[in-house]
Amino acid sequence: MDNLTDPIVQYIAIRSDLKWPKGALIAQGCHASVAAIHLNYDDPETKAYLHNLDSMHKIVVGIPSLAELNELNEALWNKNIKFKLWTEQPENMHTCLATKPYPKKAVEHFFKNFKLFK
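The structure reproduced in this document is the subject of the present report. (Residues numbered from 1 in each chain as written. Predicted model: local features only at pLDDT ≥ 70, side-chain atom pairs only at ≥ 80, totals over all residues. Heavy atoms only, no water.)

**Notes on the side chain of lysine 100**
Turning to step 1, where the next piece is worked out: On the secondary structure map, lysine 100 appears in the loop between strand S4 (93–99) and strand S5 (102–103).
Turning to step 2, where the next piece is worked out: Polar side-chain contacts of lysine 100 include one of 2.5 Å to the side chain of glutamate 45.
Turning to step 3, where the next piece is worked out: Ignoring any residue separated from it by four or fewer positions in sequence, one finds lysine 100 in contact with Val9, Ala36, Asn40, Asp43, Glu45, Thr46, Lys82 and Phe83. (Helix = DSSP H or I, 4+ residues; strand = E, 2+ residues; numbered from the N terminus. Polar contact = N/O pair within 3.5 Å; in protein donor to acceptor, adjacent residues only side chain to side chain. Contact = heavy atoms within 4.5 Å.)

This is the structure in structure tokens:
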């Protein structure tokens, strides 16, 4: 499919149960996003995503708990979806994850039960 009917997107899932300042949570998502792109820099979909910097699409959802983040992590891992689970240091706490860029229809079903991050 072409990018008009199935755009390349990057999903970012941030824990919404953490009582951190919004800026700190946004930074977590940024870390995971950059790391996922870096780890998959030579991937054709990542290259296509980065080709037009002014048209990148990110979808940021809230994950209600660590348990649900871990379930999402496992589901993505089991289906060979490439992503980065971000672990904040020195707390050693999983805070979010970001997929590498994918055609939206290839990964949206993993995220459909989560609301957009607020």
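On we go from here.
**Looking at the pairing of S4**
Regular strands show a simple pattern: their side chains alternate between the two faces of the sheet.
Turning to step 1, where the next piece is worked out: Of all seven residues making up S4, five are buried, and the element is well covered by its neighbours.
Turning to step 2, where the next piece is worked out: Taken together, the three bridges between strand S1 (residues 8–15) and S4 define a ladder with antiparallel strand orientation. Each residue of the ladder has a partner; that of isoleucine 14, found in S4, is cysteine 96.
Turning to step 3, where the next piece is worked out: Sheet topology note: the strand S3 (residues 83–88)/S4 ladder contains six bridges and is antiparallel. From the neighbouring strand, threonine 87 faces S4, where its bridge partner is histidine 94. (Buried < 20%, exposed > 50% of the residue type's maximum accessible area, 1.4 Å probe, protein only. Pairing = 2+ DSSP bridges.)

**Focus: the pattern of salt bridges**
Turning to step 1, where the next piece is worked out: Within the structure shown, the criterion is met by four salt bridges.
Turning to step 2, where the next piece is worked out: With a shortest N-O distance of 2.9 Å, aspartate 43 and lysine 100 are connected by a salt bridge. Residue aspartate 43 is found in the loop between helix H1 (22–39) and helix H2 (44–51), and its partner lysine 100 is found in the loop between S4 and S5; the two are separated by 57 residues along the sequence.
Turning to step 3, where the next piece is worked out: By relative accessible area, which is 14% here, aspartate 43 ends up buried.
Turning to step 4, where the next piece is worked out: The shortest N-O distance in the salt bridge between glutamate 45 and lysine 100 comes to 2.5 Å. (Salt bridge = Lys/Arg side-chain N within 4 Å of Asp/Glu carboxyl O.)

**Digging into the nonpolar core**
What tends to happen in soluble globular proteins is that the nonpolar side chains get buried as a cluster.
Turning to step 1, where the next piece is worked out: In this structure, Leu72, Leu76, Leu97 and Phe111 are the most contacted members of the largest nonpolar core, which totals 18 residues.
Turning to step 2, where the next piece is worked out: Contributing elements (two or more residues each) for this core: S1, strand S2 (57–63), helix H3 (66–78), S3 and helix H4 (104–111).
Turning to step 3, where the next piece is worked out: Contact partners of leucine 76, with chain neighbours within four places excluded, come to Ile81, Phe83, Leu97, Phe110 and Phe111.
Turning to step 4, where the next piece is worked out: Listed in part, the nine residues of the second largest apolar core include Ile12, Leu25, Ala98 and Phe117. (Core = buried A, V, L, I, M, F, W, Y, C linked by side-chain atoms within 4.5 Å.)

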